[in-house]
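# Working through the structure, step by step
The primary structure of each chain is shown beneath.
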Amino acid sequence: MEKLEVSNVVQIVGHMCDVIIENEVYFCELDSAAGDGDFGMSIAKGFRELKNEWEELPKEDIGAFLKACGMIITEYCGGASGPIWSSAFRSAAKYSKGKTELNLKEVSDLFQSSVDGIQKRGGAKIGDKTLLDALIPAAESFKISVEEDDTFMIAANKSACKAVCGAEKTREMIASKGRASYLGERSLNFPDAGAVAIGVIFMEVIKKIKEEAE
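This structure is a prediction, so every number in the text was calculated from the model and none was measured. Sequence order as written defines the numbering, with residues in each chain counted from 1. The model is predicted, so local features are restricted to residues of pLDDT at least 70 and side-chain atom pairs to those at 80 or more, both for listing and for counting; the totals for chains, interfaces and linings are taken over all residues. Hydrogen atoms and water are omitted, and side-chain values are computed over all heavy atoms in the structure.

The number of helices and strands found in the protein chain is nine helices and two strands. The N-to-C order of helical and strand elements in the protein chain reads β-α-α-α-α-α-β-α-α-α-α. A globule of 214 residues ought to have a C-alpha radius of gyration of about 17 Å, and the protein chain, at 16 Å, matches this closely. Each principal axis of the C-alpha atoms in the protein chain carries an extent, and together these give about 45 × 40 × 35 Å. Counting only residues that meet the buried cut, the protein chain has 52% of its 214 residues in that class. Across the protein chain, contacts joining residues at least 24 apart in sequence account for 69% of those joining residues at least 6 apart. We get accessible surface area from the Shrake-Rupley algorithm with a probe of 1.4 Å; when it comes to residues, only the shown protein chains can shield them. In the structure as shown, the protein chain presents an accessible area of about 10,500 Å², 53% of it carried by carbon and sulfur atoms. For the protein chain, the distance from the average site of its 26 positive side-chain charges to the average site of its 35 negative ones is 5 Å. Each helix is a run of DSSP H or I of at least 4 residues and each strand a run of E of at least 2, with the numbering of both proceeding from the N terminus. We compute the radius of gyration over the C-alpha atoms and compare it with the globule rule, which gives 2.2 Å times the number of residues raised to the power 0.38. When accessible area is computed with a 1.4 Å probe and restricted to protein chains, residues below 20% of their type maximum are described as buried, those above 50% as exposed, and intermediate ones as partly exposed. We call two residues in contact when some of their heavy atoms are within 4.5 Å. Under this rule, positive means Lys or Arg and negative means Asp or Glu; His and the chain ends count for nothing. Positions of charges follow a simple convention, taking NZ of Lys, CZ of Arg, CG of Asp or CD of Glu.

Quick look at the structure:
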């Protein structure tokens, strides 16, 4: 596969919905250590609604599809997660407006646009103990894969590994953003739930795609 077509992007987001819903309780348990304990429920609510409205979503181009996803996430994802995740989808939608396929360089740019959207919204950076500690390394990995002329699956696997590693590093960080920041040093030794979620989503989506290809 040298390019992602609209159907591929729809498939990936569909798998993403399934992974988030399947891990709702796990993500809540992670969040209970240094947050409100509702992270899993908050994002699962939005992505469950996304699945409910799946057949009505526009699928003529990637941007239109991601924009519609972002609007549903904005409306149904609760807590602080809604604005963050919707910013990622809306920024990706803006980048891919009118596109019916993406090469690896464009996929890399799309992920960077999601990072930019989140940072513009909340001002977080790497080291602040947020989902960006997983998403930024994942995005950077795609850039390297472009330079190394990797295939999509190799690039995705490398990116997923970087996301998981980035999430694990949040154990060593003191949160400076969100509810966990109120805990100060007590947030040490606990990974950020949002960062872990990014790693889990990347890994599990790739796993589902491989299973379907077999």
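That covers the picture; the talk isn't over yet.
Moving on, we get to the packing of aromatic side chains. Planes of paired rings set the category: under 30 degrees apart is stacked, over 60 is edge-to-face and the rest tilted, where pairs are Phe, Tyr or Trp rings (Trp by its six-membered ring) whose centres lie within 6.5 Å. Throughout the structure, instances matching the rule amount to seven aromatic pairs. Members of the aromatic cluster, each reached through a chain of ring pairs, are Y26, F27 and F39. Over the face of the ring belonging to W54 we find K51, whose NZ or CZ atom lies 5.5 Å from the ring centre. The ring of Y95 is capped by K99, whose NZ or CZ atom sits 5.5 Å from the centre of that ring. Any Lys NZ or Arg CZ that is within 6 Å of a ring centre and within 35 degrees of that ring's normal is treated as a charge sitting over the ring.

For soluble globular proteins, the rule of thumb is that nonpolar side chains tend to be buried together. Nonpolar cores are built from buried Ala, Val, Leu, Ile, Met, Phe, Trp, Tyr and Cys residues. Side-chain atoms within 4.5 Å join them into one set. V13, F47, L50, F65, L66 and W85 are the most contacted members of the largest nonpolar core, which totals 64 residues. The greatest single-element share of this core, amounting to 11 residues, is contributed by helix α9 (residues 193-213).

Grouping into patches uses exposed residues only, defined as over 30% relative accessible area, and leaves out salt-bridged ones; the cut-off is 9 Å for like charges and 5 Å for nonpolar side chains (Val, Leu, Ile, Met, Phe, Trp, Tyr). Salt bridges, as used here, are contacts in which a Lys or Arg side-chain nitrogen is within 4 Å of a carboxyl oxygen on Asp or Glu. The grouping of K67, R90, K97 and R121 at the surface amounts to a positive patch. Here K97 shows up in the loop between α5 (81-95) and β2 (101-102). Assessed through its relative accessible area of 71%, K97 is described here as exposed.

In this section: α5. The length a helix should cover is 1.5 Å for every residue beyond the first. Taking 1.5 Å of rise per residue, the 15 residues of α5 would be expected to cover 21 Å, and the 21 Å separating its terminal C-alpha atoms lies within 8% of that figure. Three or more residues of α5 are buried, namely S81, G82, W85, S86, S87, A88, F89, A92 and A93. Buried positions along α5 lie against α1 (6-22), α3 (39-52), α4 (62-76), α6 (104-122) and α9.

Let's shift gears to the environment of G70. Here G70 lies in helix α4. C-alpha separation for the pair G70 and K45, spaced 25 residues apart in sequence, amounts to 13 Å.

Once that is clear, we can look at the pattern of salt bridges. The full count for this structure, using the stated rule, is 11 salt bridges. A salt bridge links K3 to E101; the shortest N-O distance between them is 3.0 Å. With a gap of 98 residues between them, K3 in the segment before β1 (4-5) and E101 in strand β2 connect regions that are remote in the sequence. For K3, a relative accessible area of 40% gives the class partly exposed. Of the charged contacts in the structure, one is a salt bridge between E140 and K143, with a shortest N-O distance of 3.2 Å. Of this pair, E140 and K143 are both found in helix α7 (residues 132-147), three residues apart, which corresponds to roughly one turn of the helix. Accessibility expressed as a relative area gives 30% for K143, which makes it partly exposed. The structure contains a network of salt bridges with shared partners spanning E148, D150 and K158.

Before going further, it helps to examine the packing of α1 against α3. Interaxial distance between α1 and α3 falls to 9 Å at its minimum, and their mutual angle equals 135°. As judged from the angle between their axes, α1 and α3 are oblique. Between α1 and α3 lies a crossing whose hand is left-handed. Here V13, G14, M16, C17, D18, I20 and I21 of α1 come into contact with α3, specifically with I43, A44, F47, R48, L50 and K51. When residues are grouped by polarity, Ala, Val, Leu, Ile, Met, Phe, Trp, Tyr, Cys and Pro land in nonpolar, Asp, Glu, Lys and Arg in charged, and all others, Gly among them, in polar. Tallied by class, residues from the contact of α1 with α3 come to nine nonpolar, one polar and three charged. Helix axes use the C-alpha atoms of the stretch in contact, all axes being lines fitted to C-alpha atoms, and the angles between their N-to-C directions lie in the range 0 to 180 degrees. What sets the label is the angle itself: under 35 degrees gives roughly parallel, over 145 gives roughly antiparallel, 65 to 115 gives roughly perpendicular, and the rest give oblique. Take the far helix as your reference; a near helix turned counterclockwise from it by less than a right angle gives a left-handed crossing, and one turned clockwise gives a right-handed crossing.

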